[in-house]
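One letter stands for each residue in the lines below.
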Amino acid sequence: MVAVTDQDYDNLPAARIRLMDPAVADWNTAAAEKWRWSPTTANGFSGLTSAWGLPSDVKLRLSSAGAYVAVVADSRGLAGLISYPAGQKLWGVNVGAVNNPHSVELLPNGNVAVAASTGGFVRIYTASQGSSSTRFVTYPLPDAHGVQWDPARQLLWVLGRNKLAGLTIGGTPANPVIGDGPVIELPTGGGHDLTSVLEDHDRLWVSTGSKVYQVSKSAAAVVATFDQAGIKSIGSMPNAQQVRTSPKTGCRTTWCTDTVSFAVPAATRTLSGAEIYKARVWSSHYE
């Protein structure tokens, strides 16, 4: 399955996470959409719905209790943790639209990492401490766009501009402490998306303004380069099929599309009228 962040800032009920089945060729049929979600008062997000409208990231994860959950982020400010598939609030805060949350990750201890591009930071929120916990610690990172947990090395990889850094997260769940780890300088700037290469546990996908890279975590180095510009999201299935989004002419914003592209093997899936920003492989695995 592939989850897409369908944005519609003039029609908030239409801004939602949509879980789509790539095996269905026509994404405009009822058979293609398996699940959808947006924050409402009914699912626990009273007081936070105004911080929604430009969903920017979503990831499926397993909680420490072994239950499926999803973490979500929205450029209008919302960062949230929800049960899956029930979609009920487990935790949520308004990071602030001025900060432009771009990516989100669940840490194994139940805390949530948020990368905010305009704010220029990565925050670790103490979501483990309650459904409305607002305490956080901050790592300054100009143009922060990506966060991805690395369970093998116990690092939080973060991406901003041409910097890819592996952060240590120490302290306690209630009082986390961020430490410095390996830093990789990418050959190009405009770092945008950061995900795991599910078919190779040692590698990360990284997109910048002009290239897509695979980075070896053990070598702390770029090991593959692809000439693909303007990629807003990049990932791959466990069978190595790539999943990508990039802006499409005619979509309302300069960053959206109605089409998700697949490679190796190649395919496209189009959702008419959608304003898709990212497409995420719906896997609970960190790597």
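Look a little higher up for the structure.
Basis of the calculations
- Residues numbered from 1 in each chain as written.
- Predicted model: local features only at pLDDT ≥ 70, side-chain atom pairs only at ≥ 80, totals over all residues.
- Heavy atoms only, no water.
- Buried < 20%, exposed > 50% of the residue type's maximum accessible area, 1.4 Å probe, protein only.
- Helix = DSSP H or I, 4+ residues; strand = E, 2+ residues; numbered from the N terminus.
- Pairing = 2+ DSSP bridges.
- Disulfide = S-S within 2.5 Å.
- Contact = heavy atoms within 4.5 Å.
- Axes fitted to C-alpha atoms, helices over the stretch in contact; angles between N-to-C directions.
- Salt bridge = Lys/Arg side-chain N within 4 Å of Asp/Glu carboxyl O.
- Lys, Arg positive; Asp, Glu negative; His and termini not counted.
- Polar contact = N/O pair within 3.5 Å; in protein donor to acceptor, adjacent residues only side chain to side chain.

Peer 1: I tried to follow the pairing of strand 4 (residues 55-62) on my own but got confused; where do I start?
Peer 2: One face of the sheet, then the other: side chains in a regular strand alternate in exactly this way. For strand 4, the tally of buried residues reaches seven of eight residues, placing the bulk of the element in the interior. Bridge count for strand 4 against strand 5 (residues 68-74) is seven bridges, and the pairing is antiparallel. Bridge pairing in strand 5 links Pro55 to Asp74. Where strand 4 folds back on strand 5, the antiparallel hairpin that results is connected by five residues, among which Gly66 adopts a positive phi of roughly 85 degrees.

Peer 1: Please clarify how the state of the cysteines should be interpreted in this entry.
Peer 2: Such a bond, covalent and formed between the sulfur atoms of two cysteines, is termed a disulfide. Within this structure, the stated rule accounts for one disulfide. In this model Cys251 forms its disulfide with Cys256; the gap between the sulfur atoms is 1.9 Å. Residues Cys251 and Cys256 share a disulfide whose torsion about the S-S bond is about -115 degrees; that sign makes it left-handed. Exposure class is identical for Cys251 and Cys256. Each is buried.

Peer 1: Teacher, can you tell me more about the environment of Val58 here?
Peer 2: Along the chain, Val58 falls in strand 4. Taking the C-alpha atoms as reference points, Val58 and His102, 44 residues apart in sequence, are found 10.0 Å from one another.

Peer 1: Where do I start with the environment of Pro101 in this structure?
Peer 2: With respect to the helices and strands, Pro101 occurs in strand 8 (residues 101-106). In this structure Pro101 touches Ser56, Ala73, Asp74, Ser75, Gly77, Val95, Gly96, Val114, Ala115 and Ala116, once residues within four positions along its chain are discounted.

Peer 1: Explanation requested: the sheet that holds strand 1 (residues 2-6) in the structure shown.
Peer 2: In sheet architecture, strand pairing relies on hydrogen bonds along the backbone and comes in two forms, parallel and antiparallel. The strand order across the open sheet formed by four strands is 3-2-1-25, and the pairing between neighbours is antiparallel. Strands with a single pairing partner mark the edges of an open sheet, and in this sheet they are strand 3 (33-37) and strand 25 (276-281). Between one strand axis and the next, the sheet turns by 20 degrees as a mean value, whatever way the strands run. Pairing analysis gives four bridges linking strand 1 to strand 25, with the strands arranged antiparallel. Bridge pairing in strand 25 links Val4 to Ala279.

Peer 1: I tried to follow the pattern of salt bridges on my own but got confused; where do I start?
Peer 2: Pairing between side chains of opposite charge can happen when their charged atoms approach one another. Applying the stated criterion across every chain yields a total of 15 salt bridges. The partner of Asp227 in a salt bridge is Lys211, and the shortest N-O contact between them spans 2.3 Å. Of this pair, Asp227 sits in the loop between strand 20 (221-226) and strand 21 (233-236) while Lys211 is found in the loop between strand 18 (203-207) and strand 19 (212-216), placing the two residues 16 residues apart along the sequence. By relative accessible area, Asp227 is classed as exposed at 66%. What makes Lys211 partly exposed here is its relative accessible area of 24%. Among the charged side chains, a network of salt bridges with common partners joins Asp150, Arg153, Asp202, Lys217 and Glu287.

Peer 1: Where do I start with the side chain of Asp74 in this structure?
Peer 2: Within the secondary structure layout, Asp74 lies in strand 5. Arg76 provides the closest opposite charge to the buried, unpaired Asp74, separated from it by 5.6 Å. From its side chain, Asp74 meets the backbone nitrogen of Arg76 in a polar contact 2.7 Å long.

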